[in-house]
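Results of the structural survey
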Amino acid sequence: MWQLLSNRVSVRQVPIKNIERELICPICKELFTHPLILPCQHSVCHKCVRELLQLNHEDSFDAGSECSLPGSPRSRVPSPSMERLDRLVRSGFSRSSISSPGWRRGSVTPRVTTIACPGCQHDIDLGERGISMLFRNFTLENIVERYRQAARAAVAIMCNICKPPQLQEATKSCMDCKASYCNECFKLHHPWGTPKAQHEYVGPTTNFRPKVLMCPEHEMEKVNMYCEVCRRPVCHLCKLGGSHANHKVTSMGSAYKILKEKLAKSIHYLISKEDQVRTQITDLEQLISHTEENGQLAERRANEHFERLFETLQERKSEMLRSIEQSRSRRLNQLKGQVEEYQGMLENSGLVGYAQEVLKETDQSCFVQTAKQLHVRIQKATESLRTFHPAADPCFDEFVLDTSREETLLKEMCFGGVPDPPLIDLSHSRVYNEASITWRLSDDHLPTDHHVLEYRRCDGEDSGVWRATDRVYGPSTVVCDLEADSLYSFRVRSCRNSMFSPYSPEVSLHTPPSPALGFLFSDKCGFSTERLILNKRRDTVESVAGMAYLLAAERVQTGSYIGLDYIIGDTGISQGRHYWAFKVEPYSYMVKVGVASDSKLIEWFHNPRDTSSPRYDHDSGHDSGSEDTCYELSQPFTLLTLGMGKLFIPKASSSASGSTANAASGDPGNRVLPMPQRLGVCLDYDACRVYFYDADTMRCLYERQVDCSGTMYPAFGLMGSGKVQLEEFITAKRLAF
């Protein structure tokens, strides 16, 4: 199949001139020259890496120096951010860099060995060996050379041996001699029967690469293996005691075959989808055209809207200025009239002067006739002097505008500021009879005003109806009063400046079959302080090897007889259905989880059976199963076993029933399942049954009958190294109390 794919790929060769953009260095924007492969699998010219290291080295002293200004010869290389420079400077002043070979002891010059990949912007630490740690990309180098030859096909490569004027065009190049020859010179310098006749020769070229790729860490060793973790060739010394000692490696031949087959399949797939790619390119070109047209239309509409706003503001401005001018003219006329009136009260002018002239009249009848009206005017003037009031108010407060509300509205106008939808974080979201939903915000780094979580039941009478929570001002919220054993969908959206984001992708979560039981681990009943470590919150228990095991080791001659250390919850169950969930660490050797009866616990702790002793064996030797049944009935615990990343379904017995038990009675391989990340237990006290669930998918893994005599407690047994952690929702109410 691989050969067939290779043949199919070779049918359609891409012209070498069409791949120029794949041969351009991302730094110097020129064809690669001695390209080096970075750990992130991007390639960069050797000289560019060296210049980039030198640039970081100099910028670590003065990131804002004149040499980094536009127009400087160094400005063509992107300067790292100030944060990265600070990190580089801090890392450079280390003891190892000061005392390393090639640097003077006590020197304060920072040794910068970290660069930013120009392709993916990831920080690349080259270590103490620097550029010498990188492989040359000989494959890319050869492709560049073939491209150069295709570009200058008219320029021939001449023989390095011939002398003018008999200089001949080269027909072969020897990779061992690193020289080009014409036919005659090649035969002369590579005679048959000599070691030189075995040299590798290719077509005329100026690119001579080593025949064997050497390890950069062990310069005398050839690379003969491929590290699947670091994705790079290594030698056998790297695997034995080097930096790849604990990594998974394969032979170079196997890696070559696998990678070449993958590449051939990928190329064949791309070629077979050429019509689809062309169709998608046409669609993208149409989208570009529509984007250009819609963008221009949006610009015109925006201009029209703002022009209308400007026109409205201009009209209001003109009207207000006209009103102010009319008011100003009226007030000025009133004040000027008042000034003229008061000027008439002055001596020898206006009213006073006229009154003085009237007083000179000697004819009584004429005087009385004139003085009567004059006296009224004089009285009014006298009264105005006693109660002086300006004829007009010089203040224009009625024309002062409060535009703060309008300014706020204008500032809050949102133009294309629709926030990106958040994403619900399943790793931190939990669903019980209440749901704790957490989401991650988008990466646009713009603050949001609030969020709205919506949820609906996917089964039942009210399925399909979305219900929304109140505004949420953080990245999580709690939804209450969910129905048990039901499937719910959740979605969330953000709001910024009254603009809502699209909804997040819907997430479906299944509620447990019953309400959650809140409890903590009990440190009273049968708790072993020598081998069990309980944290202060009493929500995590860890099993460790105690001193008692070490002291008892001399009594153990054959085999290993170690008992389980039990711990129970501090809350009992005497009726109803209850559910709880927890996490068992994958490294745990053996952990048993389930329920325990208090009536049998009392008998167990008063008359314990030393099941760890080699003298105790409840198996008579035959396979009737009667001993197992009697032994199970005498136990206070009903437990399911987990350990070493596996979950073990118990054998079918008289106390087990249901489809899971029947399945477990068949092939032993069906009894071993991968251990879930979270395990749930549901006890139906009234029905005397216990269920074990994968808490992430709420899939029932196992169920069985249980003797619910007395009060039942959540129970756990640990042996060897192990750790059990209760769900936060299970412990929240107890911790709050």
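Residues numbered from 1 in each chain as written. Predicted model: local features only at pLDDT ≥ 70, side-chain atom pairs only at ≥ 80, totals over all residues. Heavy atoms only, no water.

Observations regarding unusual backbone geometry
Even without a glycine there, the phi angle at Asp481 is positive, about 60°. Position of Asp481 among the secondary structure elements: in the loop between β17 (476-479) and β18 (487-496). Within the chain, Asp485 stands out as a residue other than glycine whose phi angle is a positive 55°. Secondary-structure assignment places Asp485 in the loop between β17 and β18. Classification of Asp485 by relative accessible area gives partly exposed; the value is 47%. (Helix = DSSP H or I, 4+ residues; strand = E, 2+ residues; numbered from the N terminus. Buried < 20%, exposed > 50% of the residue type's maximum accessible area, 1.4 Å probe, protein only.)

Side note on the nonpolar core
Counting 44 residues, the largest nonpolar core has Trp580, Phe582, Val593, Leu683, Phe716 and Val724 as its most contacted members. In terms of residues, this core owes the most to one element, strand β24 (residues 577-584), which gives 5 residues. Look past the residues within four positions of Trp580 in its chain and what remains in contact with it is Leu517, Phe519, Ile573, Gly594, Val595, Leu679, Gly680, Val681, Leu683, Pro714, Phe716 and Ile730. Judged by nonpolar contacts, the second largest core, of 25 residues, contains Ile27, Phe32, Leu36 and Leu126. (Core = buried A, V, L, I, M, F, W, Y, C linked by side-chain atoms within 4.5 Å. Contact = heavy atoms within 4.5 Å.)

Here we look at the packing of aromatic side chains
With the rule as written, the count across this model stands at 12 aromatic pairs. Each ring, one from Tyr181 and one from Phe186, has its centre 5.9 Å from the other, and the planes form 70°; the classification is edge-to-face. A relative accessible area of 4% means that Tyr181 is categorised as buried. These aromatic residues form a ring-pair network of at least three members: Tyr432, Tyr579, Tyr691 and Tyr693. The lysine or arginine in question, Lys172, covers the ring of Phe186, its NZ or CZ lying 5.5 Å from the ring centre. The ring of Phe500 has Arg493 lying over it, and the distance from NZ or CZ to the ring centre is 4.2 Å. (Phe/Tyr/Trp six-rings, centres within 6.5 Å; stacked < 30°, edge-to-face > 60°. Lys NZ or Arg CZ within 6 Å of the ring centre and 35° of its normal.)

Concerning the confidence of the model for the protein chain
Per-residue confidence for the protein chain gives a mean pLDDT of 75, with 75% of residues at or over 70. A low-confidence stretch, residues 608-631 (pLDDT under 50), is modelled with 18 contacts involving residues beyond four sequence positions or located in other chains. This model gives residues 653-666 a pLDDT under 50, and the stretch forms 21 contacts once residues within four places in sequence are excluded. (pLDDT = per-residue confidence, 0-100.)

Details of the side chain of Glu585
Mapped onto the elements of the fold, Glu585 is located in the loop between β24 and β25 (590-597). In this structure Glu585 is buried but unpaired, with Lys583 as the nearest side chain of opposite charge at 4.2 Å. Apart from the residues within four sequence positions on either side, Glu585 is in contact with Met675 and Lys723. (Lys, Arg positive; Asp, Glu negative; His and termini not counted. Salt bridge = Lys/Arg side-chain N within 4 Å of Asp/Glu carboxyl O.)

Some remarks on the environment of Pro676
The residue Pro676 is located in the loop between β28 (672-674) and β29 (679-684) in this model. Spatially, the C-alpha atoms of Pro676 and Gly645 are 8.4 Å apart, while their sequence positions differ by 31 residues. With near-sequence residues (within four places) excluded, Pro676 lies in contact with Leu647, Asp694 and Leu701.

A closer look at the sheet that holds strand β30 (residues 689-694)
Across the sheet, which stays open at both edges, the 7 strands sit in the order β21-β22-β33-β24-β29-β30-β31 with antiparallel pairing between neighbours. Strands with a single pairing partner mark the edges of an open sheet, and in this sheet they are β21 (532-534) and β31 (699-705). Across the sheet, the axes of successive neighbouring strands diverge by a mean angle of 20°, strand direction being ignored. The pairing of β30 with β31 spans 6 bridges and is antiparallel. The partner of Arg689 across the bridge, within β31, is Gln705. (Pairing = 2+ DSSP bridges. Axes fitted to C-alpha atoms, helices over the stretch in contact; angles between N-to-C directions.)

Some words on the environment of Pro204
When you line up the elements, Pro204 lands in the loop between β8 (201-202) and β9 (225-227). Separated by 23 residues in the primary sequence, Pro204 and Tyr181 place their C-alpha atoms 8.1 Å from one another. With residues near it in sequence (within four places) discarded, Pro204 still touches Gln149, Ile157, Ala170, Thr171, Lys172 and Ser173.

Let's talk about the state of the cysteines
One pass over the full model with this rule turns up 0 disulfides. Free cysteine Cys25: the closest other cysteine sulfur is in Cys45, separated by 3.7 Å. A relative accessible area of 0% means that Cys25 is categorised as buried. Free of any disulfide, Cys185 has its nearest neighbouring cysteine sulfur in Cys182, separated by 3.5 Å. (Disulfide = S-S within 2.5 Å.)

Side note on a nonpolar patch on the surface
Residues Phe306, Leu309, Phe310, Leu313 and Leu410 make up a contiguous nonpolar surface patch of about 480 Å² in total accessible area. Structurally, the position occupied by Leu313 is in helix α9 (residues 274-343). (Patch = residues over 30% accessible without salt bridge, like charges linked within 9 Å, V, L, I, M, F, W, Y side chains within 5 Å. Areas by Shrake-Rupley, 256 points an atom, 1.4 Å probe, with all protein chains shown as cover.)

A closer look at the pairing of β25
Taking burial as the measure, the 8 residues of β25 include 7 buried ones, the bulk of the element. Pairing between β25 and strand β26 (residues 637-643): 6 bridges, direction antiparallel. Opposite Lys592, over in β26, you have Thr641 as the bridge partner.

With respect to α9
Relative to the 104 Å expected for 70 residues at 1.5 Å per residue, α9 spans 101 Å between its end C-alpha atoms, a close match to the ideal helical length. All buried positions along α9 are accounted for by Ser327, Arg331 and Gln338. (Expected span 1.5 Å × (residues − 1).)

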